[in-house]
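Examining the three-dimensional arrangement
Each chain, letter by letter, is given below.
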Amino acid sequence: MGTKWVEMDGERYPATEGDTVRDERVVDGLRVWHPRRSKAAALLVRGVDLPVDDARVLYLGAGAGTTPSYFADVARAVYAVEFAPSPASRLVDVAETRGRLFPLFADARNPSEYSSVVEGVDVLYQDVATRGQADVALENAGFVRDGGLACVVVKARSEDVTAEPEEKYEEVAEKMKEEYEVEKVVDLSPFYDDHAAVVARRQR
Amino acid sequence: MGSWFEHGTDADSLEESMEEKGGPDTRNMSADAVEKGIFETRDAYYDALHEATIEVARRRVDEAVDTAERDVVNAVRTLETLNEQMNELDERGRDWEEDTDRVPVEEVKVAHEALEDARDETREFLEDRTPELAPNLSNLAGPVLAARLVGLAGGLDELARMPSSTVQVLGAEDALFTHLRGDAPSPKHGAIYVHPYVRGTGADERGSAARAVAGKLTIAARIDRYAGDLRPELADEMDEKVERIRERGDG
């Protein structure tokens with residue numbers, strides 16, 4: 001168990017042990033976690049420590065479940081929230097293949113919808129495409145244990161098309177300080193243009 | 001207000017607790033449940049939670065997909081009706097132009113403006129909702145045509161199961177049956193005619209463009225139905241394909 005690294009075409013990639021969910025490559029019996037297909041993999045390749053091994057994770061914006069499936073390969077429990085019906089439908093299929101992946105068809109902007117289900121978590125991972133990404137992270141702060149990690153993906157263009165991407169990232173990081181101690185902002189290019197992740201610690 | 005397992009450990013209890021929109025004061029559910037003797041081990045707790053979350057999510061997603069589908073199909077039909085009514089009013093308006101003192105021109109103008117507002121609202125609704133239901137199809141066809149295709153097919157599921165040759169002539173059923181009776185050539189396009197890549201391609205290559213567009217839209221519908229994530233590369237592939245067809249037409 002745990003996140004591992006494999007070599008493919010001369011590059012090192014994170015990889016996990018688990019059944020494939022899409023058409024991802026398998027190297028030495030491990031599912032390659034490709035940085036162009038998962039922002040979390042891009043973060044790992046960028047050297048960010050995402051402590052999901054054996055952790056409890058709240059995943060907001062779970063999409064069709066590809067990245068959550070990698071988390072679920074190594075984590076103790078993954079609560080995966082998605083609100084768009086089409087991806088959520090696929091997320092449920094993926095969750096059926098992972099015993100510790102719990103799909104929640106709910107709106108991450110209204111945490112009360114899942115607050116009877118989600119326990120305290122070590123990691124909040126957020127990749128929602130709506131406006132007000134910082135607000136979502138703040139409203140869900142109550143789920144994160146003291147000292148737990150929040151990793152919030154910010155898409156510059158879904159916030160404001162006119163502002164410089166860097167300004168947008170800083171604005172989100174600044175807002176998050178209400179509930180978190182911001183550690184760093186990691187740009188996800190070249191894997192994802194106009195995307196960055198704010199990495200922060202929960203401080204009560 | 002409490003944890004999902006307080007009044008039972010099945011999917012119904014979980015769903016009820018989600019609808020109550022409240023949670024426990026402390027967030028140690030897996031430990032609490034074992035401590036209270038509701039589950040023997042944490043693994044048993046997670047197993048039950050897994051089963052219940054999957055059942056509830058499946059129920060709610062199926063319901064939401066049905067609702068979303070009905071909403072966008074209704075909206076696109078409303079949009080068509082509004083457009084027809086506005087066209088009709090415009091035509092009558094022209095007939096009346098010389099007779100302004102005997103007809104209620106101002107009132108008709110007000111009615112027309114109301115129709116316009118309704119059309120704009122409906123279009124905005126489609127622009128919001130169709131991408132949620134079918135992100136890739138909307139990205140390639142635009143939300144209005146995407147909704148129209150879903151409606152003509154009788155649902156996203158039905159659309160995703162169709163061969164692309166059927167998608168190509170959806171909405172041209174009359175022409176297709178005339179053709180099948182042997183009275184006319186086969187139609188080259190149905191509703192997809194309004195796609196800029198079909199309408200905007202010269203007559204010689206329009207059939208090829210229609211086939212290429214239908215092929216990509218069919219793939220998009222299948223990804224929307226079976227995967228659900230947005231894949232921007234599909235649009236690039238369609239751009240390139242149509243570009244090649246058009247170059248062939250120019251040469």
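Quick note: structure is the one above.
Residues numbered from 1 in each chain as written. Chains lettered and ligands numbered in written order. Predicted model: local features only at pLDDT ≥ 70, side-chain atom pairs only at ≥ 80, totals over all residues.

Quick notes on the overall build of chain A
From N to C terminus, chain A includes six helices and eleven strands. Rg of the C-alpha trace for chain A: 16 Å, near the compact-globule value of 17 Å for 204 residues, within the 12% margin. Each of the three principal axes of chain A carries a C-alpha extent, and together these read 45 × 40 × 35 Å. Taken across its 204 residues, chain A has 56% of its residues classed as buried. For chain A, the proportion of contacts with a sequence separation of at least 24, taken over those separated by at least 6, is 52%. (Helix = DSSP H or I, 4+ residues; strand = E, 2+ residues; numbered from the N terminus. Rg over C-alpha atoms; globule rule 2.2 N^0.38 Å. Buried ≥ 20, exposed ≤ 12 C-beta atoms within 10 Å, placed from the backbone. Contact = placed C-beta atoms within 7 Å.)

A word on the sheet that holds strand β2 (residues 11–16) of chain A
All names here are of chain A. Taken together, the four strands give an open sheet; going across it, the order is β1-β2-β4-β3, and neighbouring strands pair in antiparallel fashion. Lying at the two open borders of the sheet, with one neighbouring strand each, are β1 (4–8) and β3 (26–27). In this structure, β1 lies alongside β2, joined through five bridges in antiparallel fashion. In the strand pairing of β2, V6 is matched with Y13. (Pairing = 2+ DSSP bridges.)

A few points about the nonpolar core
In this structure, A:V57, A:Y59, A:V78, A:Y79, A:A80, B:V213 and B:L217 are the most contacted members of the largest nonpolar core, which totals 129 residues. Looking at this core, the element that brings in the most residues is helix α3 (residues 42–96) of chain B, giving 13 residues. (Core = buried A, V, L, I, M, F, W, Y, C linked by C-beta atoms within 7 Å.)

As for helix α11 (residues 203–226) of chain B
Between the first and last C-alpha of α11(B) there are 35 Å, a value that for 24 residues agrees with the 34 Å anticipated at 1.5 Å per step. Just downstream of α11(B) lies B:G228, where phi reads positive at about 95°. (Expected span 1.5 Å × (residues − 1).)

Quick notes on the sheet that holds strand β8 (residues 121–126) of chain A
Residues and elements named next belong to chain A. Here we have seven strands laid out as an open sheet, ordered β7-β6-β5-β8-β9-β11-β10, and mixed in their pairing. Only two strands of the sheet have a single partner each, and these edge strands are β7 (101–105) and β10 (180–187). Across the sheet, the mean angle from the axis of one strand to that of its neighbour is 15°, orientation sign disregarded. Note: strand β9 (residues 144–155) against strand β11 (residues 195–202), seven bridges, orientation antiparallel. Bridge pairing links K155 to H195 in β11. Most of the contacts of helix α2 (residues 66–74) go to strand β6 (residues 77–82), to which it runs at about 165°, and overall it touches β5 (56–60), β6 and β7. In the packing of helix α6 (residues 165–176) onto the sheet, the strands contacted are β9, β10 and β11, and the crossing angle to β11 comes to about 15°. (Axes fitted to C-alpha atoms, helices over the stretch in contact; angles between N-to-C directions.)

Some points on the interface of chain A and chain B
In this complex, chain A contributes 28 residues to the contact, which on the side of chain B involves 36 residues. If you list the elements that add at least two residues to the side of chain A that touches chain B, you get α3 (85–96) and β7 of chain A. With nine residues, α3(A) is the single largest residue contributor to the side of chain A that touches chain B. Partitioning the side of chain A that touches chain B into residue classes produces 15 nonpolar, eight polar and five charged. (Nonpolar A, V, L, I, M, F, W, Y, C, P; charged D, E, K, R; others polar.)

Topic: the packing of α3(B) against helix α4 (residues 105–133) of chain B
All names here are of chain B. In contact at an axis separation of 9 Å, α3 and α4 are set at 155° when each is read in the N-to-C sense. Between α3 and α4, the interaxial angle falls into the category roughly antiparallel. The handedness of the crossing between α3 and α4 comes out as left-handed. For the contact of α3 with α4, the per-class residue count stands at 17 nonpolar, seven polar and seven charged. (Parallel < 35°, antiparallel > 145°, perpendicular 65-115°, else oblique. Left-handed = near helix turned anticlockwise from the far one by under 90°.)

Description of the packing of helix α1 (residues 11–20) of chain B against α3(B)
All names here are of chain B. Between α1 and α3, whose axes approach to 8 Å, the crossing angle comes to 65°. On the basis of their axis angle, the class for α1 and α3 is roughly perpendicular. When you trace α1 past α3, the crossing you get is right-handed. Two secondary-structure elements touch here, α1 through A11, L14 and E15 and α3 through A52, T53, E55 and V56.

Quick word on helix α9 (residues 173–180) of chain B
Among the eight residues that make up α9(B), zero are buried, leaving the element largely open to the surroundings. In the segment just after α9(B), B:G182 is the residue with positive phi, at about 90°.

What to know about the pairing of β6(A)
All names here are of chain A. Of all six residues in β6, six are buried; the element is thus mostly enclosed. Residues A77, Y79 and V81 line one face of β6 and the alternating positions V78, A80 and E82 line the opposite face, and both faces are buried. One ladder, built from five bridges, connects β5 with β6; its direction is parallel. Bridging from a neighbouring strand, L58 pairs with Y79 of β6. Regarding topology, α2 serves as the crossover connection from β5 to the parallel β6, and that connection is right-handed. (Right-handed = clockwise from strand over helix to strand, strands pointing away.)

Geometry only, nothing functional implied.
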